[in-house]
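Remarks on the overall topology
So the chains spell out like this:
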Amino acid sequence: MTAIKHALQRDIFTPNDERLLSIVNVCKAGKKKKNCFLCATVTTERPVQVKVVKVKKSDKGDFYKRQIAWALRDLAVVDAKDAIKENPEFDLHFEKIYKWVASSTAEKNAFISCIWKLNQRYLRKKIDFVNVSSQLLEESVPSGENQSVTGGDEEVVDEYQELNAREEQDIEIMMEGCEYAISNAEAFAEKLSRELQVLDGANIQSIMASEKQVNILMKLLDEALKEVDQIELKLSSYEEMLQSVKEQMDQISESNHLIHLSNTNNVKLLSEIEFLVNHMDLAKGHIKALQEGDLASSRGIEACTNAADALLQCMNVALRPGHDMLLAVKQQQQRFSDLRELFARRLASHLNNVFVQQGHDQSSTLAQHSVELTLPNHHPFHRDLLRYAKLMEWLKSTDYGKYEGLTKNYMDYLSRLYEREIKDFFEVAKIKMTGTTKESKKFATLPRKESAVKQETESLHGSSGKLTGSTSSLNKLSVQSSGNRRSQSSSLLDMGNMSASDLDVADRTKFDKIFEQVLSELEPLCLAEQDFISKFFKLQQHQSMPGTMAEAEDLDGGTLSRQHNCGTPLPVSSEKDMIRQMMIKIFRCIEPELNNLIALGDKIDSFNSLYMLVKMSHHVWTAQNVDPASFLSTTLGNVLVTVKRNFDKCISNQIRQMEEVKISKKSKVGILPFVAEFEEFAGLAESIFKNAERRGDLDKAYTKLIRGVFVNVEKVANESQKTPRDVVMMENFHHIFATLSRLKISCLEAEKKEAKQKYTDHLQSYVIYSLGQPLEKLNHFFEGVEARVAQGIREEEVSYQLAFNKQELRKVIKEYPGKEVKKGLDNLYKKVDKHLCEEENLLQVVWHSMQDEFIRQYKHFEGLIARCYPGSGVTMEFTIQDILDYCSSIAQSH
């Protein structure tokens, strides 16, 4: 500590003109131990300022830094906590209370003593010292090292004192008598030495002159010694006289001690008796309530609860050593044990009867819920049972075996009850989902038994598979033209089959509402039951790992207590497991029933998986926000996996059906069925997944589907014999581009651009290919001209070639007068009209592109004539205006 003090003085306080008087190593009370030093300092300049400085070791190196300083005048109270016992804690009350723990009591006392002295010297008792020993508050008593530091400082402070007037006068006289003192210090010192010797001699003579007085003083001392001897003799006689009195007083004192001991023992005995009577005596009213109390009425339950609490307090009283050996205590403890056993049996029997009665009462209300898609409300039953919650807590702490038995019985009764309610509830949901068929209407009028319900529902499910193959029925129609498809789909509807494009939107909306209602009914039911189990059985609800059905099977085997002895409460982790296992056992039929309902919805319409994915995702998200590890969250999460699997299967089926599409060799292709189905799917999905949580799943499905559409459009175009490949590609990619532009699907922006590019490319290709036919000979002639130029023949010399002279050119041009050109364009228009389908309405777009391409070729031919046959006067027999008129009249005539 000395080395630290010197280091702090040198590094921190000396540069600030301060002196370190006391130091104590402390840390803050109640926190992690981060040591620092409290220092009491004073300034070396006047007026003196006294401070308490907190110094802390730097985190970056092995040096100390000044953290905070308080003026001593701001210190209001010093609280040492205990003035008698050693206690290293103390408080300093500045603008707020700072609590410290010193490394040792000695350091704390030294520091407080230093503060007290500084207060006495500079503040004149303005600080209150609480719980401080009086020894520390005496300035004259040194207290260890810090006191010596304080004293040293006072000497330093008092080292300079002003001279009074007399001392100044004497010094001036002496200096005047020795004017050479300043110039010759040695002579001045010799003179002072001589004067000192003269004074010593005078003192000795004075002492020798007083020898007579010394002799007189010695005689007086001898007389005084004689008087003292006489007094001692008298005192010895007095002591002998008092010896007998002392013996009598000792006997009286011993007698008083025995009396006091007897009284003390009597008081202690009375205290022990009062303790046993006050803590181990159970009122007669409580005993009667435990033996005969009414457990059916609210007043009786309250009386039994108070009596059970009183009994528990009596049984759990902390006996003092030796109490358990008293016969009365043993008898009272046995009596309490008998009362506990009796009341525990009564309570368990009554609650078992309540559980059984609940099953009967709820069963009677099932009929009114069998037609409506609602689940019975268990709130009244929960409300009645929660009156026994405190008694269940008492039973859990006193007789865990009976508590465990009640838990098992509750699960057995309630699991059977919930199983009936939930199965009936799901049967109603299935009937409402398939209610559009005639079979379901007949089914609704028949009396329902469980076996018959299952058989008829299964038959409905089987028939629904024939009714709702939404994508497969479309594929059967894919070989027909657009007109034939409409006629055949109407005939199929007459037979009872429905395609996805004709599926009533109301049916899907109805399914969505039913599925949402099912989930909305199940969610509060599970949450209410879980909350009731936690409150009634006094189990803590916290996060835990999701359970499995295998864990729930342990409940049937009797392993619920997990090898805990009777009366031993479960730890928190086991209580969390117990809630999860109880919920799994009670609602073990929810997950299979949900999976069956999902399978039915998928059979009715494969697009229903989109509705189910969105609804199930939302409910899982909501349940996880409430409690990620709850039974509801875990179960819905498992079912969501099944729904997602069905959704992926729906996407895979659509892609597979695209690959299996076969086209008719006798009719034109038009818009492929799977392109129309993608439009329907995308439109439906966008309306369903608006603001949905699992948008990423839909985006992945979009990517897979659009790739499949692109690949299979090209495949069908390559296989087409009736319709040109470019027409198939152009029409279908135009339809895809229009669909993506209308729906504005962000994840398919690249595919939208690709579809537009493919549409544009194949439109241009089709136009160029078609326009080669009306002026076929002219095209061949000019192709030959371009070939000669490409071989190196100059353009103006081409006319000298035998096959390409002016006469041949005129001959070819004469074969294409305006009338023939118009006739050729009219035939071309008819042919294009046969190639294109009516759904896309691209005829005018294609015809306008052909007109532009024809004019471009016309200008190209005229350019070649001007360059290769200059001055020949050869021109085409029709003009650009003629071409525009021909195209316009042909389009209007058709």
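Residues numbered from 1 in each chain as written. Predicted model: local features only at pLDDT ≥ 70, side-chain atom pairs only at ≥ 80, totals over all residues. Heavy atoms only, no water.

The subject of this paragraph is the overall build of the chain. Summing up its helical and strand segments, the chain has 32 helices and eight strands in all. Burial status across the chain gives 43% buried among its 894 residues. Partitioning the contacts of the chain with sequence separation of at least 6, the portion at a separation of at least 24 is 71%. By element, 52% of the accessible surface of the chain is carried by carbon and sulfur atoms, the whole surface being about 49900 Å². (Helix = DSSP H or I, 4+ residues; strand = E, 2+ residues; numbered from the N terminus. Buried < 20%, exposed > 50% of the residue type's maximum accessible area, 1.4 Å probe, protein only. Contact = heavy atoms within 4.5 Å. Areas by Shrake-Rupley, 256 points an atom, 1.4 Å probe, with all protein chains shown as cover.)

Attention now moves to the pairing of strand β4 (residues 64–71). Inspection of the sheet shows strand β3 (residues 50–57) paired to β4 by seven bridges, in the antiparallel sense. Within β4, the residue paired with V55 across the bridge is R66. Between the antiparallel neighbours β3 and β4 lie six residues. (Pairing = 2+ DSSP bridges.)

For the structure on display, the rule yields 28 aromatic pairs. Between F94 and Y98 the ring centres are 6.2 Å apart and the planes differ by 70 degrees, which places this aromatic pair in the edge-to-face class. Comparing F94 with Y98 shows no difference in burial state: the two are buried. Note on F782 and F861: the rings are 4.8 Å apart at their centroids and 10 degrees apart in plane angle, and the pair reads as stacked. Remark: F861 occurs in helix α31 (residues 843–868) and F782 occurs in helix α28 (residues 776–790); sequence separation between them is 79 residues. Pair check on accessibility: F782 and F861 agree, each one buried. (Phe/Tyr/Trp six-rings, centres within 6.5 Å; stacked < 30°, edge-to-face > 60°.)

This paragraph deals with the packing of α28 against helix α29 (residues 806–814). The geometry of α28 relative to α29 is characterised by a closest axis approach of 9 Å and an angle of 155 degrees between their N-to-C directions. Here α28 lies roughly antiparallel to α29, going by the angle between them. Considering the relative orientation of α28 and α29, their crossing is left-handed. Taken together, the residues of α29 that come into contact with α28 (itself represented by K777, L778, F781 and F782) are E808, L809, V812 and I813. Taken together, the residues of the contact of α28 with α29 break down into six nonpolar, no polar and two charged. (Axes fitted to C-alpha atoms, helices over the stretch in contact; angles between N-to-C directions. Parallel < 35°, antiparallel > 145°, perpendicular 65-115°, else oblique. Left-handed = near helix turned anticlockwise from the far one by under 90°. Nonpolar A, V, L, I, M, F, W, Y, C, P; charged D, E, K, R; others polar.)

Here the focus is the packing of helix α30 (residues 818–835) against helix α32 (residues 880–893). For the pair α30 and α32, the least separation of the axes is 10 Å and the interaxial angle reads 40 degrees. By the angle class used here, α30 and α32 are oblique. By crossing handedness, the relation of α30 to α32 is classed as right-handed. Residues G818, V821, K822, L825, D826 and Y829 of α30 form the contact with α32, whose participating residues are Y886, C887, S889, I890 and A891.

With that settled, the discussion passes to the side chain of D726. Mapped onto the elements, D726 comes out in helix α26 (residues 725–743). For the buried D726, which has no salt bridge, the nearest side chain bearing the opposite charge is R725, at an N-O separation of 4.2 Å. Within the structure, D726 has its side chain in polar contact with the side chain of S765 (distance 2.8 Å). Sequence-distant contacts of D726, defined by excluding residues within four places in its chain, comprise H762, S765 and Y766. (Lys, Arg positive; Asp, Glu negative; His and termini not counted. Salt bridge = Lys/Arg side-chain N within 4 Å of Asp/Glu carboxyl O. Polar contact = N/O pair within 3.5 Å; in protein donor to acceptor, adjacent residues only side chain to side chain.)

The subject of this paragraph is the pattern of salt bridges. Throughout the structure, instances matching the rule amount to 32 salt bridges. Where D250 meets K246, a salt bridge forms, and the shortest distance between an N and an O atom there is 3.4 Å. Taken together, the residues D250 and K246, both in helix α6 (residues 211–279) and four residues apart, mark about one turn of the helix. The partly exposed category is assigned to D250, whose relative accessible area is 42%. Several salt bridges converge on common partners, so that one network encompasses E341, R345, D399 and K402.

Moving on, we get to the nonpolar core. Core analysis: the largest hydrophobic core is formed by 176 residues, its most contacted members being Y410, V518, F681 and V846. Top contributing element to this core by residue count: helix α13 (residues 400–433), with 14 residues. For V518, the contacting residues outside a window of four places in its chain are L373, F425, F426, A429, L594 and L597. One finds V26, V50, V78 and L92 within the second-largest nonpolar core, a separate group that totals 31 residues. (Core = buried A, V, L, I, M, F, W, Y, C linked by side-chain atoms within 4.5 Å.)

With that out of the way, let us pick up the pairing of strand β2 (residues 36–43). Within β2, eight of the eight residues are buried, leaving the element largely enclosed by the surrounding structure. Along β2, one buried face is formed by C36, L38, A40 and V42 and the opposite face, lined by F37, C39, T41 and T43, is buried too. The sheet contact formed by strand β1 (residues 18–28) and β2 spans eight bridges and is antiparallel. By the bridge assignment, V26 is partnered in β2 with C36. Across six bridges, the pairing between β2 and β3 is antiparallel. Of the residues in β3, the one forming a bridge with C39 is V53. Two successive antiparallel strands, β2 and β3, enclose a turn made up of six residues.

Within the fold, K408 resides in helix α13. Judged by its relative accessible area of 24%, K408 falls in the partly exposed class. Taking C-alpha positions, K408 is 9.9 Å from K585, a pair spaced 177 residues apart along the chain.

Next up on the list: a negative patch on the surface. A grouping of E167, E168, D170, E172 and E176 is seen on the molecular surface, where their side chains present a negatively charged patch. Tracing the backbone shows E176 in helix α4 (residues 165–177). Judged by relative accessible area, E176 falls into the exposed class, the value being 58%. (Patch = residues over 30% accessible without salt bridge, like charges linked within 9 Å, V, L, I, M, F, W, Y side chains within 5 Å. Charge placed at Lys NZ, Arg CZ, Asp CG, Glu CD.)

According to the stated counting rule, one finds zero disulfides in the structure shown. Of all cysteine sulfurs in the structure, the one in C526 sits closest to C589, which takes part in no disulfide; the separation is 9.5 Å. The buried category is assigned to C589, whose relative accessible area is 7%. (Disulfide = S-S within 2.5 Å.)

With that settled, the discussion passes to the confidence of the model for the chain. Scored by pLDDT, the chain has a mean of 78; 82% of the residues are at 70 or more. Contacts of residues 436–503 to residues separated by more than four positions or lying in other chains number 91 contacts, the stretch itself having pLDDT below 50. Across residues 543–570 the pLDDT falls below 50, and counting only partners more than four positions away or on other chains, this stretch makes 59 contacts in the model. (pLDDT = per-residue confidence, 0-100.)

Of note, the amide linkage connecting R46 to P47 takes the cis form, showing an omega dihedral of 0 degrees. Considering the arrangement of structural elements, one finds P47 in the loop between β2 and β3. With a phi close to 55 degrees, N131 is a non-glycine residue in the positive phi region. Inspection of the secondary structure puts N131 in the loop between β8 (128–130) and α3 (144–158). N131 sits in the partly exposed class, given a relative accessible area of 34%. Despite not being glycine, K538 shows a phi value in the positive range, around 55 degrees. The topology assignment puts K538 in the loop between α18 (505–536) and α19 (549–556).

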